[in-house]
Amino acid sequence: MRDGHVNLLCKIVAILVMIFLVAPLLIIIVVSFTPTAVITFPPQGFSLRWYANIFTGTGKFMSGLVNSLKVGVLATAIDVFVGVFGALSICRYNFKGKNVLLNYFTSPMYVPSIAFAFVLLQVYSQIGGITGMTRVFIGHLIIILPYIVRNTVSVLHVFNWTLEDAAASLGANPIQVFFKVTIPLAKPGIVSGGILAFLYSFDEVALSSLLSSPRFVTLPIRIMNYMELTFDPTLAAISTLLILASLIIIVLMDKFVGLDMFMK
Amino acid sequence: MATLALKNITKRFGDFTAVKDFNLTVEDGEMIALLGGSGCGKTTTLRMIAGFTEPTEGSIFVAGKEMGKIPPYKRNVGIFFQNYALFPHMTVFENVAFGLKLQKLPKAEIEQRVSEILNLVKLYGLEKRYPRELSGGQQQRVALARALVTRPSILLLDEPLSNLDAKLRVEMQVEIKRIQKELAITTIIVTHDHEEAVSLADRVIVMNAGQILQVGSPYEIFDKPNSEFIADFMGFSTFVKGTMGGEARDGKRPVTCSGKTILVSAEAAEGIEPGSSVTLATRSEHMELVKEAGENVVEGTMQAATYKGHTTRLEVAGCFDEVIYPAADEYIELEAGKPLLVHLPVDRLCVYKNNA
C-alpha cells in the first residue's frame, strides 16, 4: 500500500522531529543532577549541589531573576494597557492610515534589537543620568509591544462588533460593554500576547546586554556572564528550573484561560 | 409597550441618502414589516430607531417622547439581530439574564423572569448550554428571549427568519407571531423576504431607495401591489405590455396586448385613460391551463417546464411578445413546442400605467 508507506514515513519524521526538539532539554535536565564538576553524560551519580550553587554561588542569579521579573512584569503590564487600546482603536474605527498605524505599532519587531539598542544608548547618553533599570525597562517596553498589539488585533480582526450593539440595546453603557463583552472576548489574544511579551522580555539578551549597568543586570545576562567564566552544571540546573517555570505558566494558562481558546 | 412615530426622517452618509423624508406611525402593539431589497434603507431605519445612528434630519418618538440624542442603552428598545449576536462567552441563562443583571434586579426575580421567558420560547432546560452548543433554531430563540426579557417598549427584528431551513421558518413564524400577540409588544420587522413580511406583520411597508413605495395590509401588498416594481419584488412572474382600451362594460375593460384583447377589471384599471401604454402583471399560480378557448384565453407553445414539487412552472411563448410563466398543479413533462391554452383570470390581473 502506497498510503501505508507515506503514513509510516510521516510517523518516522514526526518522531525524529520530536526527539530533536526534546532530547537536548532532557539531557540538560539529567545532567543538572550530576555530582561532578564537569558536564558528563550519562551522569555519575545523583546530587543537588548545582541547584544549591544557584543560590549560594558567585553567579548572583537571584538578583538577576528579581531584576528580570521587575522589568518583565512592569513592561508587560504597561504594554497590555497600551497595546489593547491601540489594537482596539485600530480595529474598531475605519480611518485612513489604519494599516500604517498597525505597522508602526509592530515595527519594533522588524528592527534588529541590537541596532535599536545602539540608538537607545545614544539617546540615553545625550540625556544622561538614567539608571540601568530605567534604561533596560524602556527598551523592553518598546520591543515587546508588538506581541501584544499583534495578538490582540488578530482576535479583534474577527470580532463580531454587533455584540457591542446587542449589549448596548440591553442597557449596557459603554463602560459596561467594554468590561462585560469586549474585554472577555478579546481575552485570549490579550493573555497570549501578554505571555509572549513577558517571555520575550524575560530571555532578551542583545538589548539588555548593551543597556544594563553593572548595578542592574538581568538573569539572561547573568547566565551569559557566568558561562564565559565557568562552565559547570549550575547552568544545567538553572536551565532546568527555567523549563519548569515555563511548564507551570503553560499549565496555569490552560487552567485559567483554556488553551483551547487559542484554537478557535 | 408604546407607540412609535418617525417624523420626516432623513439619513445621509456623505453624498448618499440612505433614508429620505420617512414618515411612519406605529400603534401600540402593532407589528409592522419594513420590506425592501438590500440598500433600500430599511436597516438604516432600524438602526436609527435603536439609537445606533442618528438621523440627519427629523425626529423619532417612542410613546410620545422624542428620542433625540438618547443613547441606545437608555432607549429600552429590544433588538433581535440577524446573526443573533449571542454572547459566545456566556451560557443561555447568562445571555438572557444580561439585561436584567444590568438593571440590578434581585437574583430571585432575575431567575424567575429568565425561566418564564425560556418557557415562552420553549427552551426550558438549556440554561447551562453555550450558544455554540445549540442548533440554529435554538440560538434564534435565545436571541428572541434575550430581546424580550427586559420588557422593551419597542421590539426590532432584523431578518428574523433568514437563516433557517424551510420547516423551522414556518415554526418560528408561528412562534414569533404568538409571542408578539401574547406580550402585545410594538414590533418592527426588517426583511427582504415578502413571505416573511406578509406572514408576520399587521401592516407592510415597501421601501426602495430610502423611500416608502406602498403601505398596506399583507393582503393588499401581496395581491394588489401599486406599481410594477413592487409587483416584481412581491414575486409576480408575468408582465405583459399593452394598450388600454375604452369604456368599461360589465366592470371590465379591454387591453390590447400583441394584437390580442385581454379583459381586466375596471377597478384595477381605474383612472387609466384609453390609449395609454400599460403593463399587465400576474402571478404564476393565478394563471391556469384550460382545454377550450374563451374569454382571456390565449394560445402559446411550451418552451420549458420546471417541476417544483407541488407545481410545475412553465414557460409559454407565442401568446404575446413576452413569455408568460403559468404554473400547473400537477407534474407536466416538458414537450417543447407543444401548443397550450392559458387562461388569465380577469380579477387576478394588475394593471400599471407605463411612464412615457
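If you're wondering where the values come from, they're calculated on a predicted model, not measured in any experiment. (Residues numbered from 1 in each chain as written. Chains lettered and ligands numbered in written order. Predicted model: local features only at pLDDT ≥ 70, side-chain atom pairs only at ≥ 80, totals over all residues. Heavy atoms only, no water.)

Thoughts on the overall build of chain B
Phase 1: Looking only at helices and strands, chain B features eight helices and 20 strands.
Phase 2: Taken along the three principal axes of its C-alpha coordinates, chain B extends 75 × 45 × 35 Å.
Phase 3: Classification of the 356 residues of chain B by burial places 52% in the buried group.
Phase 4: Here the contacts in chain B between residues at least 6 apart in sequence split such that 67% fall between residues at least 24 apart.
Phase 5: Total accessible area on chain B is roughly 16,500 Å²; 49% of this is exposed by carbon and sulfur atoms. (Helix = DSSP H or I, 4+ residues; strand = E, 2+ residues; numbered from the N terminus. Buried < 20%, exposed > 50% of the residue type's maximum accessible area, 1.4 Å probe, protein only. Contact = heavy atoms within 4.5 Å. Areas by Shrake-Rupley, 256 points an atom, 1.4 Å probe, with all protein chains shown as cover.)

As for a nonpolar patch on the surface
Residues and elements named next belong to chain A.
Phase 1: A cluster of nonpolar residues, Leu9, Val13, Val17, Phe20, Leu21, Val22 and Leu26, forms a patch on the protein surface that exposes about 700 Å² of accessible area.
Phase 2: Among the secondary structure elements, Val13 is positioned in helix H1 (residues 2–31).
Phase 3: Look at Val13 and you get partly exposed, because its relative accessible area is 45%. (Patch = residues over 30% accessible without salt bridge, like charges linked within 9 Å, V, L, I, M, F, W, Y side chains within 5 Å. Salt bridge = Lys/Arg side-chain N within 4 Å of Asp/Glu carboxyl O.)

A look at the environment of Thr186 of chain B
All names here are of chain B.
Phase 1: Residue placement: Thr186 occurs in strand S8 (residues 186–191).
Phase 2: A relative accessible area of 0% means that Thr186 is categorised as buried.
Phase 3: Sequence-wise, Thr186 and Val26 are 160 residues apart; in three dimensions their C-alpha atoms are separated by 7.5 Å.
Phase 4: A polar side-chain atom of Thr186 sits 3.0 Å from the main-chain amide nitrogen of Gly29. (Polar contact = N/O pair within 3.5 Å; in protein donor to acceptor, adjacent residues only side chain to side chain.)

Concerning the sheet that holds strand S11 (residues 238–244) of chain B
Residue and element names in this part refer to chain B.
Phase 1: One open sheet accounts for five strands, arranged S13-S12-S11-S14-S20; its pairing is antiparallel. The sheet is open, and its two borders are formed by strand S13 (260–265) and strand S20 (350–353), each paired with just one other strand. Across the sheet, the mean angle from the axis of one strand to that of its neighbour is 45°, orientation sign disregarded.
Phase 2: With two bridges joining them, S11 and strand S12 (residues 252–257) adopt antiparallel strand pairing. Bridging across to S12, Thr243 finds its partner in Thr256. (Pairing = 2+ DSSP bridges. Axes fitted to C-alpha atoms, helices over the stretch in contact; angles between N-to-C directions.)

So, the interface of chain A and chain B
Phase 1: Listed as interface residues are 19 residues of chain A and, on the opposing side, 20 residues of chain B.
Phase 2: Between chain A and chain B, roughly 1,700 Å² of surface is buried when both sides are summed, and carbon and sulfur atoms account for 71% of that area.
Phase 3: Looking at the side of chain A facing chain B, the largest losses of area belong to Asp165, Ser169 and Leu170 of chain A, adding up to 34% of the total buried there.
Phase 4: There are one salt bridge connecting chain A and chain B.
Phase 5: For Arg47 of chain B, the salt bridge identified is with Asp165 of chain A, shortest N-O distance 3.3 Å.
Phase 6: Applying the counting rule to chain A against chain B returns two residue pairs in polar contact (both at pLDDT 80 or more). (Buried area = accessible area lost by both parts, 1.4 Å probe.)

Brief notes about helix H4 (residues 98–106) of chain A
One full turn of an α-helix is made of 3.6 residues, so residues set three or four places apart face in the same direction.
All names here are of chain A.
Phase 1: The complete set of buried residues in H4 reads Leu102, Phe105 and Thr106. One side of H4 carries all its buried residues, which in axial view fall inside an arc of 90°. Exposed side chains of H4 directed beyond 90 degrees from the buried face belong to Val100 and Tyr104.
Phase 2: On its buried side, H4 packs onto helix H3 (61–92) and helix H6 (132–156). (Arc of directions from axis to C-beta.)

Focus on the domain arrangement of chain A
Residues and elements named next belong to chain A.
Phase 1: Taken as a whole, chain A is organised into domain 1 (1–58 + 230–264) and domain 2 (61–216).
Phase 2: Each of domain 1 and domain 2 was reduced to a C-alpha centroid, and the two centroids are 29 Å apart.
Phase 3: Of the residues lining the interface, ten residues belong to domain 1; the matching set on domain 2 comes to nine residues.
Phase 4: In this assembly, domain 1 packs against domain 2 so that about 890 Å² is buried in total across both faces, 90% of it on carbon and sulfur atoms.
Phase 5: Joining domain 1 to domain 2, the criterion identifies zero salt bridges.
Phase 6: On inspection of domain 1 and its partner domain 2, the count reaches zero residue pairs in polar contact (both at pLDDT 80 or more).
Phase 7: Breaking the side of domain 1 that touches domain 2 down by element, the ones donating at least two residues are helix H2 (49–56) and helix H11 (234–256). (Domains from an automatic or database assignment.)

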